[in-house]
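Coordinate inspection notes
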Amino acid sequence: MFLSHYETTEVNQIHQFLLEHGESVQSLPGSKSHDTFTWAEPLKAIGSDVSAQLSDGPGINPNETQGTKNREYWQKVLQGLEDELVALKCHYEAVQAERKDTLNKLLDLKENIRIFCRMRPFLPNDRWPLLGPILIPETATIHTLKCGQKRNFQLDKVFLPDSSQDEVFSEIGPLVRSAIEGQNVCIFAYGQTGSGKTFTMEGTKDHPGIVPRALQQVFLEASLDSVAVFSITFSMLEIYRGQLRDLLVKSSGKMPQSGVNCTLSIQMGASGSVEVENLTQVRIESPTEALHLYEKGASLRSTAWTNSNETSSRSHCLLRIMIEKNHGQRGLKTMNKLWLIDLGGSERLLKTKAQGQTLEEGKAINMSLSALGDVISALHRKKHHVPYRFSLSLSLSLSLSLSLSLSLSLSLSLSLLYIHICMYMS
Ligand SMILES: Nc1ncnc2c1ncn2[C@@H]1O[C@H](COP(=O)(O)OP(=O)(O)OP(=O)(O)O)[C@@H](O)[C@H]1O
């Protein structure tokens, strides 16, 4: 562009010069070509260049000030660029919407409830079973033989004992992405005690599990969205023998073994949404911050030694990531939840030979898991009636604590579009 090559003052001077001496400059090479040609030609070129610029460029009218004309010109250029940017943003939003739609269709095709099975490797203290289940990873089926009866289970995916955390997360990643894109997602790890639920959800420092990876991904996906603005909060609680405990509140200390006092309770909002009242929500800005909170919460979780696992989780641990998405210019705001849940292990009480407190914990875990199983089964079969309220009728005859436990598990399912269950076998 001409004006980028010549300073405005120079242009002014040239213009003025041309106005005054245009005729003579044009004629110079002709009349005294022997000594004027070398400098007059470039000057002529500049002159015609200036004239061209003046006709379609910023224009310099002697009646108007130079500054005003230039400003108008650049304002036009800027406006053009801004219009282009708006058009590009619209295009980007359309592409994003299409991508989201495709992802949702893909997940729908794969069913709203997906079941993966991960088999953990044998550990030094494990006893080899006489007859274990037969896993066929290619067809994602498990064949079992119980009391002479064959049973087949069809799953979405089977992970063999040598499967890495990476492999497991490659199936979970799309679900986490769909949470950022506007779906409610819940990922459960369900299985018998000692079968590797905490290993898969939490992992170790060297082999991070679903939780740290999902937290990383949430922030990564949010940073890739150049249009929306995200506000992400973190909450963590456990259900221990039917009581809800905020794992981000240190002062609450260890849960009283049989008390019914609990700072948290479940409430139904005006819109029908289910909320845990008074649950701490911490706004997080990075995965590191989230992991720090997770470690803090996990250190307060109820664990104990059992026959099946040295550090057995004696509660259901629930991590909630609330994702508020402000959709830029359209002014839309959405709120989605990503639940990552490490359920307490189902136990064969005879096998674990649990007694006293451990026995009571085991019973509470088994009963709540059984109710949760009914809900998931009803959702999976797309039954008209899903027994969310089972807990209420039970609570008439059973303890209050059981009711709390069930209603939380069940109401969670109510608000979730995608439920993923990791099933584990030892
Ligand atoms: N895929 C795996 N690879 C290697 N070690 C594993 C794997 N899965 C589980 N483990 C080990 O098995 C043991 C029991 O696992 P973990 O504590 O995760 O079980 P759990 O299902 O959470 O048990 P609980 O319900 O009693 O809490 C741990 O020592 C864990 O490190």
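Residues numbered from 1 in each chain as written. Predicted model: local features only at pLDDT ≥ 70, side-chain atom pairs only at ≥ 80, totals over all residues. Heavy atoms only, no water.

1. A look at the nonpolar core
Counting residues in hydrophobic clusters, the biggest one holds 38 residues, and the most contacted among them are Phe234, Ile321, Leu338 and Leu340. Counting only elements with at least two residues in this core, the list comes to helix 5 (165-180), strand 6 (185-191), helix 7 (210-224), strand 7 (229-240), helix 8 (287-299), strand 14 (316-326) and strand 15 (333-342). Once residues lying within four places of it in the same chain are set aside, the contact partners of Ile321 are Leu215, Ile232, Thr233, Phe234, Asn336, Lys337 and Leu338. With 22 residues, the next largest nonpolar core counts Ile115, Cys117, Ile142 and Ile239 among its residues. (Core = buried A, V, L, I, M, F, W, Y, C linked by side-chain atoms within 4.5 Å. Buried < 20%, exposed > 50% of the residue type's maximum accessible area, 1.4 Å probe, protein only. Helix = DSSP H or I, 4+ residues; strand = E, 2+ residues; numbered from the N terminus. Contact = heavy atoms within 4.5 Å.)

2. A short note on the confidence of the model for the protein chain
Caution applies to low-pLDDT regions: their predicted coordinates should not be interpreted in detail. The predicted model of the protein chain has a mean per-residue pLDDT of 71, with 60% of residues at 70 or higher. Ranking the elements of the protein chain by mean pLDDT puts helix 12 (residues 400-414) last with 30 and strand 11 (residues 282-284) first with 95. Scored below 50 in pLDDT, residues 1-7 shows 12 contacts in the model against residues more than four places distant or in partner chains. pLDDT under 50 marks residues 390-426. Its contacts with residues more than four places away, or in other chains, come to 117 contacts. Our summary of model confidence lists the complex with pTM equal to 0.65 and ipTM equal to 0.97. (pLDDT = per-residue confidence, 0-100.)

3. Overview of the packing of aromatic side chains
One pass over the structure, following the stated rule, counts 2 aromatic pairs. Ring geometry for Tyr73 against Trp74: centres 4.9 Å apart, planes inclined by 75 degrees, an arrangement best described as edge-to-face. Exposure remark for Trp74: the relative accessible area of 41% places this residue in the partly exposed category. Centre to centre, the rings of Phe116 and Phe159 are 6.1 Å apart; their planes meet at 85 degrees, and the pair counts as edge-to-face. Separated by 43 residues along the polypeptide, Phe116 in strand 1 (residues 113-119) and Phe159 in strand 5 (residues 157-159) bring together distant segments of the chain. Just as Phe116 is buried, Phe159 falls in that class too. (Phe/Tyr/Trp six-rings, centres within 6.5 Å; stacked < 30°, edge-to-face > 60°.)

4. Comments concerning unusual backbone geometry
At Asn278, a residue that is not glycine, the phi angle is positive and equals roughly 65 degrees. Mapped onto the secondary structure, Asn278 falls in the loop between strand 10 (274-277) and strand 11.

5. Considerations on the packing of helix 7 against helix 8
Look at helix 7 against helix 8: their axes get within 9 Å of each other, and the N-to-C directions meet at 150 degrees. When the axis of helix 7 is compared with that of helix 8, the two are roughly antiparallel. Helix 7 and helix 8 meet at a crossing whose hand is right-handed. Across the interface between the two elements, Val211, Pro212, Leu215, Gln216 and Phe219 from helix 7 touch Pro287, Ala290, Leu291 and Tyr294 from helix 8. Looking at the contact of helix 7 with helix 8, its residues break down into 8 nonpolar, 1 polar and no charged. (Axes fitted to C-alpha atoms, helices over the stretch in contact; angles between N-to-C directions. Parallel < 35°, antiparallel > 145°, perpendicular 65-115°, else oblique. Left-handed = near helix turned anticlockwise from the far one by under 90°. Nonpolar A, V, L, I, M, F, W, Y, C, P; charged D, E, K, R; others polar.)

6. Some remarks on the pattern of salt bridges
Tallied over the entire structure, the rule returns 9 salt bridges. The partner of Glu72 in a salt bridge is Lys69, with the nearest N and O atoms 3.9 Å apart. Here Glu72 and its partner Lys69 are both found in helix 4 (residues 66-109), 3 residues apart, which amounts to about one turn of the helix. Of the charged contacts, one joins Asp225 and Lys325 as a salt bridge, the two residues approaching to 3.8 Å between their closest N and O atoms. Of this pair, Asp225 sits in the loop between helix 7 and strand 7 while Lys325 sits in strand 14; the two residues are 100 residues apart in sequence, bridging distant segments of the chain. For the pair formed by Asp225 and Lys325, the shared burial category is buried. (Salt bridge = Lys/Arg side-chain N within 4 Å of Asp/Glu carboxyl O.)

7. Considerations on the packing of helix 5 against helix 7
For any two helices packed against each other, one specifies the crossing angle of their axes together with the interaxial distance. Direction vectors running N to C along helix 5 and helix 7 enclose 40 degrees, while the axes themselves pass 9 Å from each other. The pairing of helix 5 with helix 7 is recorded here as oblique in orientation. Crossing of helix 5 against helix 7: the hand is right-handed. The segment helix 5 lies against helix 7, with Gln165, Asp166, Val168, Phe169, Ile172, Gly173, Val176, Arg177 and Ile180 engaging Ile210, Arg213, Ala214, Gln217, Val218, Glu221 and Ala222. Here the contact of helix 5 with helix 7 is composed, by residue class, of 9 nonpolar, 3 polar and 4 charged.

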